[in-house]
Amino acid sequence: MKRKFSLKSKVVEKLKREDNEIIDMLFSRDQQALSFTEEKYGALCRKLAFGILGDYDYAAECMNTSLYKLWQSVPPAKPQSLKAYLCKIVRSVAFSMRKKNASAEIHLTELSELLPDENNIDDQLDSTMLIDLLNEFLSEQKTVNRRIFILRYYYNLSIDEIAGATGEKSPTVKTKLYRMREEFKKVLLKKGFDIQKG
């Protein structure tokens, strides 16, 4: 047991020493520090960002922005844990991005599954009115359901990807999407739109 503990301690010590070397490089304004940081913590940070944003491209963008903010803030900051400090930056950037993207419009082409009669969409629906109805509908959904809907119809993620991002099982995601489609169809029918049932 003592031997295992000693080995683990050596690993932790090595990782901490590597982090301290990266921080020293940042203080020396050596840009290789960013490459080393990305190599060591890039996968972790992108996974963290994806969990918040639900989109791989946005997660990559978040990682790049976070590295830039790390470069800007160190120095003067000298974090005791580079990993914890970087993850804090990533979370902050990701939540800012999510807030910024929350008001983005969902286009008609991404609603084709909800509006089967595609040939008559332009004749029947004003896009602004549709978006208003959709936003109102989503605002009434539970947070997890709203996120599932947006990940599917705005970010175009697969069922399995949505399941991974939300912690739900794939069959549950399918069921929730089906129920929300049916509920939204009822909203459109109630508003007098000629939407095909089925």
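Description of the structure in this document. (Residues numbered from 1 in each chain as written. Predicted model: local features only at pLDDT ≥ 70, side-chain atom pairs only at ≥ 80, totals over all residues. Heavy atoms only, no water.)

1. Some points on the overall build of the protein
Summing up its helical and strand segments, the protein has 9 helices and 0 strands in all. Counted from the first residue to the last, the protein has its helices and strands arranged as α-α-α-α-α-α-α-α-α. By residue count, 35% of the 198 residues in the protein fall in the buried class. For the protein, the share of sequence-separated contacts (at least 6 apart) that also reach a separation of at least 24 residues comes to 62%. Of the accessible surface of the protein, which amounts to about 12,700 Å², a share of 50% is contributed by carbon and sulfur atoms. (Helix = DSSP H or I, 4+ residues; strand = E, 2+ residues; numbered from the N terminus. Buried < 20%, exposed > 50% of the residue type's maximum accessible area, 1.4 Å probe, protein only. Contact = heavy atoms within 4.5 Å. Areas by Shrake-Rupley, 256 points an atom, 1.4 Å probe, with all protein chains shown as cover.)

2. Observations concerning the nonpolar core
Ranked by internal contacts, the top residues of the largest apolar core, which has 44 residues, are Leu-26, Cys-62, Leu-70, Val-173 and Leu-177. Sorting the residues of this core by element identifies α1 (2-27), α2 (32-53), α3 (56-73), α4 (82-101), α6 (127-139), α7 (143-153), α8 (159-166) and α9 (170-190) as the ones contributing at least two each. It is α2 that contributes the most residues to this core, 8 residues altogether. Non-local contacts of Leu-70, meaning those with residues more than four positions away in its chain, are made with Leu-26, Leu-34, Thr-37, Leu-82, Tyr-85, Leu-86 and Ile-89. (Core = buried A, V, L, I, M, F, W, Y, C linked by side-chain atoms within 4.5 Å.)

3. Remarks on unusual backbone geometry
Following Val-74, the chain continues into Pro-75 via a peptide bond in cis, with omega recorded as -10°. Tracing the backbone shows Pro-75 in the loop between α3 and α4. The amide bond that connects Pro-75 to the next residue, Pro-76, takes the cis arrangement and shows omega of 10°. Tracing the backbone shows Pro-76 in the loop between α3 and α4. Phi angles above zero are rare outside glycine, and Arg-29 is one such case at about 60°. Within the fold, Arg-29 resides in the loop between α1 and α2.

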